[in-house]
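Topology and contacts: notes
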Amino acid sequence: MLSAPRSTKRLKLGGVFFVFVAATIWSWLYIKMTFSTLFGGFDDLWNLLQYMFPPRFDQMGQVIDATIETLWMALIGTTASVILSIPLAFGAARNTTPNAATFAVCRAIITLARAVPTLIIAAIFVLAVGIGPLGGILALALHSIGMIGKLYTEAIESATEAPRDAVSSTGASKWQTILATIVPQATPTFIGAALYRLDINVRESAVLGWVGAGGIGFVIQTALRGLDYSRALAAVSVIFVVITLIEISSNRLRASIIGEQSAVITKNQKARKKSTERDHKILLKAVTLRKLNLPWTSERRLRISAVLFYAGLLILALVTIKIPIISSFGYLDEIFKTSADLFPPDFNTARPEIIRGILETIAIGFVATILGLLIALPLALLAARNIVVNRVIYSGTRLFMLAFRGIPELIVAVLFVSAMGLGPVPGTLALTLGTAFFMAKLIADTLEEVAPEPRDAIFATGATRSQEFFAAVLPQAMPNLVSQTLYLLDVNLRSSTVLGIVGGGGIGFLLLSALRVIEYQTVGAILILTFVVVYAIELLGSWVRKLVE
Amino acid sequence: MSKIFSTEADPIVSLTKVSKRFATGTLALDEVDLVVPRGQLLSLIGQSGSGKSTLLRHINGLHKPTGGEVLVMGCNVGDAKSKELRQIRKNIGFVFQQFGLVGRATCLENVLTGALGRLAGPRYGLVSYPKALRREAFEHLERVGLDSQAFQRADTLSGGQMQRVAIARSLMQQPVMLLADEPVASLDPESSAQVLELLLKISIEEKMTVIVTLHQVELAIDWANRIVGLRDGKVVLDRSAIGLTQEDVMDVYRRADRSNDLAKQEAEFPKSVASLSS
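We now examine the domain arrangement of chain A. Residue and element names in this part refer to chain A. The domain boundaries assigned to chain A delineate domain 1 (14-53 + 350-549) and domain 2 (55-259 + 297-341). Between the C-alpha centres of domain 1 and domain 2 the distance comes to 25 Å. If you look at the interface, domain 1 gives 31 residues, while domain 2 gives 32 residues. With both chains or domains summed, domain 1 and domain 2 bury close to 3000 Å², and 77% of this area falls on carbon and sulfur atoms. When the buried area of domain 1 at its contact with domain 2 is split by residue, M52, I411 and Y520 rank highest and sum to 20% of it. A salt bridge links E538 to R114; the shortest N-O distance between them is 2.5 Å. The tally of links from domain 1 across to domain 2 stands at three residue pairs in polar contact (both at pLDDT 80 or more). Elements supplying a minimum of two residues to the side of domain 1 that touches domain 2: α2 (35-52), α15 (391-405), α16 (409-420), α19 (465-499), α20 (507-516) and α21 (520-548).

This is the structure we're talking about:
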């Protein structure tokens, strides 16, 4: 018995691996991908970029206005989503839900919201409320519930039970107890998740213009349609810079909220020491004077100024964005009417097209995941500071990855489509590039988390660096690598459902056409099938993840 | 309240032939009789699994007896309705081994949560509590010696300090009685002594009944007025702590089934060795 026993678990894993490989090969053939189109595609993109260069920064007023509108849309949409998500999360969390029916309904809403991409919701909402940012904001708000609601539910469920028992034993009512014990524990995650989603929503709102839902997407689309490539590049680079800046600052902010108290107020040791001493004095004074309000420590001042800054931005956004917020509630009626028109779904009228679209969507997702993984792995090795122990190389790679993550994949798709023409191949290449850098970051983080002790042990036996990598690093990182690949597949599949809207292949094109010719019931059928496919992949993913752990 | 506590002589807790058999079939309490007068610091001792925590949980109605009668402040806990039960719990402070503080909230806020039973509606943050209550909370913190930490986050405190904040929170309930379930089990000796001294001080100054489960006999002898020993759900010792020696309580810790256990272990030992070498 010198090989591992054939347990059912191993057989299942082998089966999954075989299916995954088979699906990838089938996908590769289905979208007629070849190595020459693969490398030719990158060539074409390079030529297009050279042609676009240098960007023309005239008419900047329009670009800046559109960029600001994009930001405001993301801010308002995320805020609305947080407001909607909080009650849903309390209903969907096992430890706070009032009853089984509420639990099921809240869970279903959160799952459904996640399954339908923002761009598709926006396309439908634009029909109901007209061209402009309102449709986009509503779509962002609705789709974000999927992620924010899920993260909030998990935050509530992971709150420790001990304080809850203690407070409820004092005779406090259920909601008094929840507010006193669970909410304070969950608040950092609440804020962190909202910031993270804001970051994603800025990217998403940058492309909403394609379906007429406001933001800079419309400017880019118009420039590309007019073959005005230099101006398009100018708009793309502006939004790229803005997105990267927002990502960096939101990461920094999140680290200081979720991390230890007042962690990232200042990096200067001396200044920090001084502020700690001052806080200490303030606290002492408050205690001796028997002050009954929280004293103004630097942490509290920081927190209050963050809240005021956010409130100021939100007010500014609501004032400057040109939508009548109050009367927009009147549009709810329209939205319900349009949504009702999607039923009953009609699977028959466009049956062959629908089947082709769905299969193409799946195929794009698989090929983009594998290609993305091939790019991500070497990058991740360079970016993990415990593998390549050279500061210049790993920080350089990290910066490079961060820079490329800034471009929303749909904008990459637009560029590829412009360079190579319509079809699934440019869409696949765009998804590959769009997700490879994100994937590389995830893998690099995983590699950095690997425990050092087994590595030392292997080195001590006289192993080479590559032997050590395969013997000590890879086995430790494997479960995470698998689940990250599955996660990437999940993300790519969701993205590939909307690629068609910019001409990148998949079901999105058919969806947009059906919307244009007002075949609402076909739209309904497509939405349901998309949901089924996305949800099936998600379930499959969580099943395989359990198998690996 | 005044009706319930007509005279000082009334026992606060009185258990008559209380038995508890869990759904799993374990007999956790076996016909326990116990009468606790006002102002006593009583320590329940016994090995883990002897039923001391179960007994404590019968007093505030977290468990209901399967036999016998539990009278707390004149109310039969066994068949109390949920509203009555809540009223009883409001009057009983409960101190947990794991403190149960909200780490991210300040000490003052943690103490204030003890007043929730007296308030209507949910509260969040210091300012949502009336000023008078905030002042009261401050006084309780002063009493447990942690007023200078009032505005510090609870997770910056040591274990002993956390337990004292938890006691301040119980006092905020204005309880008639304190129950403490292994309050010093996860503390070092010095903090343990501080916590028990605090409980004794409260019981003397407020004439408050305090029932505390402990597994360290020395601590029980040092701090309690009365010691009740449980073994396999039965009361095997019940006397004043004065003059009690370690030897007197050894009987509590002699488990009836110990010899059986050893025999069982020995019987299984060869098997486990065999499974290792295969």
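Let's shift gears to the sheet that holds strand β2 (residues 27-36) of chain B. Residues and elements named next belong to chain B. An order of β2-β1-β4-β5 is seen for the four strands of this open sheet, with the pairing classed as antiparallel. Of all the strands in the sheet, just β2 and β5 (75-76) have a single pairing partner and so form its edges. By the bridge criterion, six bridges tie strand β1 (residues 13-21) to β2 in an arrangement that is antiparallel. Looking at β2, one finds that L15 is bridged to L34. Its contacts with the sheet put helix α1 (residues 52-59) on β1, β2 and β4 (67-72), and the angle it makes with β2 is roughly 60 degrees.

Here we come to the interface of chain A and chain B. Contacts between chain A and chain B engage 30 residues on the former and 36 residues on the latter. Regarding the contact of chain A and chain B, the summed buried area is about 2900 Å², with carbon and sulfur atoms giving 65% of it. The largest contributions to the chain A side of the interface with chain B come from T170, Q176 and L292 of chain A, which together make up 23% of the buried area. Here chain A is connected to chain B by two salt bridges. The partner of E142 of chain B in a salt bridge is R290 of chain A, and the shortest N-O contact between them spans 3.1 Å. For the pair chain A and chain B, the interface holds ten residue pairs in polar contact (both at pLDDT 80 or more). Breaking the side of chain A that touches chain B down by element, the ones donating at least two residues are α7 (162-168), α8 (174-207) and α11 (269-288) of chain A. Of the residues forming the side of chain A that touches chain B, the biggest block, ten residues, is contributed by α8 of chain A. Across the side of chain A that touches chain B, the residue classes tally to 17 nonpolar, ten polar and three charged.

Cut-offs used in this document
- Residues numbered from 1 in each chain as written.
- Chains lettered and ligands numbered in written order.
- Predicted model: local features only at pLDDT ≥ 70, side-chain atom pairs only at ≥ 80, totals over all residues.
- Heavy atoms only, no water.
- Domains from an automatic or database assignment.
- Contact = heavy atoms within 4.5 Å.
- Buried area = accessible area lost by both parts, 1.4 Å probe.
- Salt bridge = Lys/Arg side-chain N within 4 Å of Asp/Glu carboxyl O.
- Polar contact = N/O pair within 3.5 Å; in protein donor to acceptor, adjacent residues only side chain to side chain.
- Helix = DSSP H or I, 4+ residues; strand = E, 2+ residues; numbered from the N terminus.
- Pairing = 2+ DSSP bridges.
- Axes fitted to C-alpha atoms, helices over the stretch in contact; angles between N-to-C directions.
- Nonpolar A, V, L, I, M, F, W, Y, C, P; charged D, E, K, R; others polar.

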